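Structural overview for review
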2 protein chains.
Amino acid sequence: MARQARAIQTRHTILEAAGEVFDERGYDAATIAEILSRAGVTKGALYFHFTSKEDLARGVLGEALTVEGVLPQDSKLQEWVDAGMVLAHRLPREPLLRASITLSADQHARALLGTSWPGWIDYLGALLRRAKDQGELLPHIDPQETAALFVGAWTGVEVVNSAISGGSLEAKIAALYDHVLPGVAVPGVLGRLDTAVDRGARMWRAHQRSHGADTPASSV
Amino acid sequence: MARQARAIQTRHTILEAAGEVFDERGYDAATIAEILSRAGVTKGALYFHFTSKEDLARGVLGEALTVEGVLPQDSKLQEWVDAGMVLAHRLPREPLLRASITLSADQHARALLGTSWPGWIDYLGALLRRAKDQGELLPHIDPQETAALFVGAWTGVEVVNSAISGGSLEAKIAALYDHVLPGVAVPGVLGRLDTAVDRGARMWRAHQRSHGADTPASSV
């Protein structure tokens with residue numbers, strides 16, 4: 001492996017360990033010592049990539065805005081559904097993504113680090129604007145308002161689900177879309193949207209097949 | 001004031017101070033010393049009512065499940081809307097209510113204390129079941145599933161709103177209902193529901209007029 005590829009791999013290994021520790025302990029209780037031992041790298045390697053716990057948390061949040069697995073669709077409303085469904089599929093499997101919600105939900109960490117929510121709202125708002133330009137949305141829908149509401153609703157459904165039932169997040173997010181879409185989509189589009197519980201898993205497998213499973217996730 | 005009434009008043013004063021401090025600092029950073037100084041009561045008075053910081057936080061969470069201001073309606077779907085709109089009106093004005101979201105969103109505090117979410121889901125689920133019995137809901141709607149989704153969505157919209165824009169929570173929650181109701185209500189009911197931004201404020205004022213403004217909030 002070339003030196004640069006190895007450095008990227010090491011950075012990713014450290015971020016995954018940091019994600020696990022932040023997700024399990026929360027920001028305040030997490031320690032660099034535990035991240036080091038979890039990652040199995042040297043102190044020198046960690047400090048080559050990250051200068052502090054805050055820097056590690058920023059690195060984790062930097063991975064949070066990922067649309068990997070969301071494939072372009074003719075229907076931009078379907079792409080909006082896919083963004084939420086792919087994330088619902090990936091989140092329970094990727095501590096690095098879960099950690100970004102843990103950090104954002106924590107008032108103290110949020111004040112220090114900010115959140116990925118504005119980035120998500122802009123990305124989903126742009127998708128909904130294109131859906132509106134294509135005539136897929138009901139005329140009164142404001143794409144940016146709907147995007148902001150949805151980011152809040154998605155996040156809250158995940159937090160309450162993991163706090164209470166711990167049932168399938170994909171089923172909950174599919175139900176969230178089924179509740180919201182009749183108030184958003186024009187009737188002719190509504191019936192053609194795929195909100196099946198396994199939509200995210202199918203999209204993710206198609207993406208894995210075309211890209212190979214070993215590539216570290218890329219961010220927007 | 002009779003001794004018992006004074007004790008209830010003191011307990012409420014302490015809880016309001018605790019709510020402010022938990023809301024501003026989070027659970028871990030909050031101290032009994034700051035709650036004491038904020039409440040302006042003696043140490044003896046505080047420890048008469050609460051044995052520890054954990055006990056104070058439980059007291060705060062005990063106040064979170066409040067339907068004060070939600071008046072009985074013929075349409076149980078309207079009552080479901082009112083529950084969310086009255087809370088959206090009260091939350092920005094009552095640190096004690098905001099604190100319960102801060103405590104529930106904090107992973108560590110949540111593991112220690114639990115949340116008021118199961119209670120809210122049961123209360124809203126019961127309202128939606130009565131709405132369904134009256135023929136107000138679309139036939140495929142599962143009242144308990146919709147209630148759980150809505151508690152998550154409401155909470156997440158509040159958290160993201162206060163983290164990002166800090167705009168009017170009532171406007172956001174009204175928009176959330178407008179997005180969700182077409183997927184929940186039968187068409188004949190949908191057009192008669194009041195989801196105006198000031199719905200919560202009007203309900204709350206009507207309640208205040210009939211009960212007087214000084215009564216401490218009651219819980220279910």
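About the cut-offs
- Residues numbered from 1 in each chain as written.
- Chains lettered and ligands numbered in written order.
- Predicted model: local features only at pLDDT ≥ 70, side-chain atom pairs only at ≥ 80, totals over all residues.
- Heavy atoms only, no water.
- Contact = heavy atoms within 4.5 Å.
- Buried area = accessible area lost by both parts, 1.4 Å probe.
- Polar contact = N/O pair within 3.5 Å; in protein donor to acceptor, adjacent residues only side chain to side chain.
- Helix = DSSP H or I, 4+ residues; strand = E, 2+ residues; numbered from the N terminus.
- Nonpolar A, V, L, I, M, F, W, Y, C, P; charged D, E, K, R; others polar.
- UniProt positions renumbered as here; feature names shortened; annotations may be inferred.
- Least-squares fit on C-alpha atoms with pLDDT ≥ 70 in both.
- Buried < 20%, exposed > 50% of the residue type's maximum accessible area, 1.4 Å probe, protein only.
- Axes fitted to C-alpha atoms, helices over the stretch in contact; angles between N-to-C directions.
- Parallel < 35°, antiparallel > 145°, perpendicular 65-115°, else oblique.
- Salt bridge = Lys/Arg side-chain N within 4 Å of Asp/Glu carboxyl O.
- Lys, Arg positive; Asp, Glu negative; His and termini not counted.
- Phe/Tyr/Trp six-rings, centres within 6.5 Å; stacked < 30°, edge-to-face > 60°.
- Lys NZ or Arg CZ within 6 Å of the ring centre and 35° of its normal.

Some remarks on the interface of chain B and chain A
- Taken together, the contact between chain B and chain A spans 31 residues of the former and 31 residues of the latter.
- Together, the buried faces of chain B and chain A total about 2,500 Å²; carbon and sulfur atoms form 73% of this surface.
- It is Q107, L149 and H179 of chain B in chain B that bury the most area against chain A; as a group they hold 26% of the surface buried on that side.
- Taken together, chain B and chain A are joined by five residue pairs in polar contact (both at pLDDT 80 or more).
- The element that contributes the greatest number of residues to the side of chain B that touches chain A is helix α9 (residues 143-163) of chain B, accounting for 12 residues.
- Here the side of chain B that touches chain A is composed, by residue class, of 18 nonpolar, eight polar and five charged.

Brief notes about the UniProt feature "domain: HTH tetR-type" (unreviewed entry) in chain A
- The UniProt entry lists residues 8-68 of chain A under the feature "domain: HTH tetR-type" (unreviewed entry), expressed in the numbering used here.
- The span residues 8-68 of chain A is 70% helical and 0% strand by assignment, and the distance between its end C-alpha atoms comes to 18 Å.

Description of the UniProt feature "DNA-binding region" (unreviewed entry) in chain A
- The UniProt entry lists residues 31-50 of chain A under the feature "DNA-binding region" (unreviewed entry), expressed in the numbering used here.
- Within residues 31-50 of chain A, the helical portion is 75% and the strand portion 0%, while the C-alpha atoms at the span's ends are 13 Å from each other.

Examining the environment of A148 of chain A
- With respect to the element layout, A148 of chain A can be found in helix α9 (residues 143-163).
- Considered as a pair, A148 of chain A and T115 of chain A are 33 residues apart in the sequence and their alpha carbons are 13 Å apart.

Here we look at the relation of the copies chain B and chain A
- Structural alignment of chain B on chain A gives an RMSD of 0.0 Å, achieved by rotating through 180 degrees and translating 0.0 Å along the axis. As the rotation angle and translation indicate, the two copies are arranged about a two-fold axis.
- With an isologous cut-off of 70% or more, the 100% of interface residues of chain B that recur at the interface of chain A puts this contact in the isologous class.

Observations regarding helix α4 (residues 53-62) of chain A
- All of the buried residues along α4 of chain A are K53, L56, A57, G59, V60 and L61 of chain A.
- Residues of α4 of chain A that are buried make contact with α1 (3-25), α2 (32-39), α3 (43-49), α6 (95-105) and α7 (107-113) of chain A.

Digging into the packing of helix α5 (residues 76-90) of chain B against helix α12 (residues 199-211) of chain B
Residue and element names in this part refer to chain B.
- The interhelical angle for the contact between α5 and α12, taken along N-to-C directions, is 85 degrees, at an axis separation of 7 Å. As summarised for this structure, α5 and α12 are arranged roughly perpendicular, according to the angle between their axes. In this structure, α5 uses Q78, D82, M85, V86, H89 and R90 to contact α12, whose residues at the interface are R199, G200, A201, M203 and W204.
- Across the contact of α5 with α12, the residue classes break down as five nonpolar, three polar and three charged.

A word on the pattern of salt bridges
- All told, the structure shown has 28 salt bridges over all chains when counted by the stated rule.
- The partner of R38 of chain A in a salt bridge is E24 of chain A, and the shortest N-O contact between them spans 3.1 Å. Of this pair, R38 of chain A sits in helix α2 while E24 of chain A is found in helix α1, placing the two residues 14 residues apart along the sequence.
- Here E34 of chain B makes a salt bridge to R25 of chain B, at a shortest N to O gap of 2.8 Å.
- A single salt-bridge network, built from bridges that share partners, covers E20, E24, R25, E34 and R38 of chain A.

Thoughts on the side chain of E68 of chain B
Residue and element names in this part refer to chain B.
- If you trace the backbone, E68 turns up in the loop between α4 (53-62) and α5.
- Put simply, E68 is tucked away with no salt bridge, and the nearest opposite charge, on R90, sits 4.2 Å away.
- At a separation of 2.9 Å, a polar atom in the side chain of E68 contacts the side chain of H207.

Looking at α2 of chain A
- Listed as buried for α2 of chain A are I32, E34, I35, L36 and A39 of chain A.
- Of the residues one or two after α2 of chain A, G40 of chain A is the one with positive phi, at around 65 degrees.

So, the packing of aromatic side chains
Residue and element names in this part refer to chain A.
- Taken as a whole and assessed by the stated rule, the structure comprises 10 aromatic pairs over all chains.
- When the ring of F22 is compared with that of Y27, the centres are 5.7 Å apart and the planes differ by 20 degrees; the resulting orientation is stacked. Note on accessibility: F22 and Y27 belong to one class, buried.
- Ring geometry for W80 and F150: centres 4.8 Å apart, planes at 55 degrees, overall tilted. Taken as a pair, W80 in helix α5 (residues 76-90) and F150 in helix α9 lie far apart in primary sequence, 70 residues in all.
- Judged by relative accessible area, F150 falls into the buried class, the value being 4%.
- Members of the aromatic cluster, connected to one another through ring pairs, are W80, F150 and Y177.
- Against the face of Y27 rests K53, its NZ or CZ located 4.7 Å from the ring centre.

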